[in-house]
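Now for the letters of each chain:
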Amino acid sequence: MHDPSGTHQAIQEENAIFVQKIRELQESISSYTMLFANAAEGILMAELRTQQFIHANSALCKMFGYSEEEILRLRLQDIHPEDSLNRVLAEFNAMTRGEKTNLQDIPYLRKDGTEFRVNIGGSLIDFQGKKCIAGFFTDITEQKRAEETLKIERNRLAGTIEGTRVGTWEWNVQTGETVFNERWAEIIGYTLAEISPVSIDTWVKYAHPDDLKQGEEKLKKHFRGELDYYECELRMRHKNGGWVWVLDRGKTVSWTDDGKPHVMMGTHQDITERKQDEQALREREERLQKQNDALLKLMSSGILFQPNLHKAITEITEVSAALINTERVSVWLYNKDYTEISCIDLYRQSDHHHSCGEKLRSEEFPAYTASHKKGHVIAAVDVYTDPRTSSIPASYYQENGICSLLDVPVWMGDRLGALLSFEHVGDQRVWTSEDARLATNMAALLSICFAYNDRKQAEKALQESEEKYRILFENAAEAIFVVQDGKVVFFNPATTIVTGYSNEEFLSRPFVDFIHADDRDMVADRYVRRIKGENVPRRYSLRVVYKNGGFRWVDMDSVLIHWKGRPAALIFLNDITERKEAEDDA
């Protein structure tokens, strides 16, 4: 028979088990509900068939700015930008088919209309007997903004690197590993592939040995904190065998835990052109100093101001050849009508030889002479084709190997008198403005020499003329003297003979004291009127008082002159006493 008590006990045990399972299920549901509600990620559940939202946790509501009730009334097209809806629907359908479990960078719209971006992890689940999809939302808006900012900065840095044409390097100081960009290799004539694999030894390999020590010293100072940045100018071997100058700059960007330099980053900038410019500037300054020293030496040595014009000219041609480094330097004189030029000195630098005497018919090359007359410097690179020099006989160029010419006019007062010629032999030479400037200075020195020589010759002629007139003056038989301000200020020896007075007496008394009383008023009047510039007789006879008390007749010839800048009378006295006495006797 059936045991009622056993059945009842079995039912109780089953009920207990059922109740326990219900309790466990409730606890599980409670746990999942708590996790769902408090999850940091936004969670949104939607029914697959209707695409209707059925659950949203608080994190998702906060993310969108809606309440859960508001979200559950929305559809997909309500929370996505219109221009991305088709893409989103395609991605959602792929997820519902199990083809995707993650969606990246999906655009959504908040309640206030602003757009934000999320990554979604999806999972297909059965919920309350319905096929559903649960989406786990991670807001990546700030991450995208940071990525965009970083992208802009990287593009800006890349643009700066490209614009400045610098090479970049990264160096792990502890391991020696390096990273170079393509430009780093390009600066020394290679592709990056050609010098790979790279390390710090690559830098050492191509750097100039003499510059490495300087670079290493600066690195040590930087590592010790004595320099905020490492900076060094050094030479690096180019693929073509030459050297390029590089400005190497960098800074330690990370340190090891024990304070050692870990990673350095920096740039390589090609400064070859700048260094070449600096070298050219130094060389130019040295040349200018050398030129100035030579010019000062010429000016201060007295060579320009000496009676021997030929010696001064030869000195100038020698210095000119050395300063401009020209094989042939010559000085040519024009004749008065500019039909001919004559070489008065030609210096050949290679054997220090001077010669002269060659003549050329300048009337046969008028463009050349016309250019000089205008004060132009002729700087002909090709003497055969330059219109100013091409008409000069080709034989002159060919015989002397001349290919380029620099000619400067030499002025003598306001007239073109000569030219200074620099004749370059061998390859053609492009004359610089510095060459022309120096040649012009040397031509100016020649002008000084010619002017000094002309002045000395004029002085010599004047001295000779003065000597001639002095002899005539001192040996003249007639009395000659100068009267200024009523007194005799200058006279010849014959004056004292005619009057009988000594030199001291003649100079200490008024001129009229020596005139006979009857003639004194006439002579004084004519003297005053003559000084005023009036037209009075210049020749007439009068009597002069002799020292012994008598008088002598003289013919006087008086002319107005300027003596030491002021009016005076130049007087000639010729003794006619014997003639007068003879006339009286007759």
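Note: the structure precedes this text.
All values derive from a computational prediction rather than experimental measurement. (Residues numbered from 1 in each chain as written. Predicted model: local features only at pLDDT ≥ 70, side-chain atom pairs only at ≥ 80, totals over all residues. Heavy atoms only, no water.)

**Q** How should I be thinking about the sheet that holds strand 3 (residues 102-109) in this particular structure?
**A** Strand pairing in a sheet is mediated by backbone hydrogen bonds. Such pairs are either parallel or antiparallel. If you walk across this open sheet you meet the 5 strands as 2-1-5-4-3, and the pairing is antiparallel. Every other strand in the sheet has two partners, leaving strand 2 (53-56) and strand 3 as the edge strands with one partner each. Averaged over all neighbouring strand pairs, the angle between strand axes comes to 35°, with direction disregarded. Bridge count for strand 1 (residues 42-47) against strand 2 is 3 bridges, and the pairing is antiparallel. From the neighbouring strand, Met45 faces strand 2, where its bridge partner is His55. Helix 4 (residues 85-96) rests against strand 3, strand 4 (115-127) and strand 5 (130-139) of the sheet, and its axis sits at about 140° to strand 3. (Pairing = 2+ DSSP bridges. Helix = DSSP H or I, 4+ residues; strand = E, 2+ residues; numbered from the N terminus. Axes fitted to C-alpha atoms, helices over the stretch in contact; angles between N-to-C directions. Contact = heavy atoms within 4.5 Å.)

**Q** Sorry if this is basic, but what is going on with the sheet that holds strand 7 (residues 178-180) here?
**A** If you walk across this open sheet you meet the 5 strands as 7-6-10-9-8, and the pairing is antiparallel. A single partner strand is all that each edge strand has here, and the edge strands are strand 7 and strand 8 (230-237). Neighbouring strand axes in the sheet, compared pairwise and without regard to direction, differ in orientation by 25° on average. Both strand 8 and strand 9 (residues 243-255) contribute to a ladder of 8 bridges, which runs antiparallel. Counted as the bridge partner of Glu231 is Arg249 from strand 9. Its contacts with the sheet put helix 9 (residues 209-223) on strand 6 (166-172), strand 8, strand 9 and strand 10 (261-270), and the angle it makes with strand 8 is roughly 160°.

**Q** Got a minute to help me understand the pairing of strand 20 (residues 539-545) in this structure?
**A** For a regular strand, side-chain orientation follows a simple rule: the groups alternate between the two sheet faces. In this sheet, strand 21 (residues 551-563) lies alongside strand 20 in antiparallel orientation, the contact comprising 7 bridges. Paired with Val544 across the bridge in strand 21 is Arg552. Taking the residues between adjacent antiparallel strands as the criterion, strand 20 and strand 21 are bridged by 5 residues, where Gly549 takes a positive phi near 105°.

**Q** So what exactly am I meant to see when it comes to the pattern of salt bridges here?
**A** Oppositely charged side chains can form a pair if their charged atoms are brought close together. Scanning the entire structure with this criterion turns up 41 salt bridges. Two residues, Arg361 and Glu340, come together in a salt bridge whose shortest N-O distance is 3.4 Å. Taken together, the residues span a long stretch of sequence, with Arg361 in the loop between strand 14 (359-360) and helix 12 (366-373) and Glu340 in the loop between strand 11 (328-334) and strand 12 (341-348) at a distance of 21 residues. Under the relative-accessibility criterion, Arg361 is labelled partly exposed at 34%. With a closest N to O distance of 3.0 Å, Arg566 and Asp485 form a salt bridge. Residue Arg566 is located in strand 22 (residues 566-575), and its partner Asp485 is located in the loop between strand 18 (479-484) and strand 19 (487-491); the two are separated by 81 residues in the primary sequence. (Salt bridge = Lys/Arg side-chain N within 4 Å of Asp/Glu carboxyl O. Buried < 20%, exposed > 50% of the residue type's maximum accessible area, 1.4 Å probe, protein only.)

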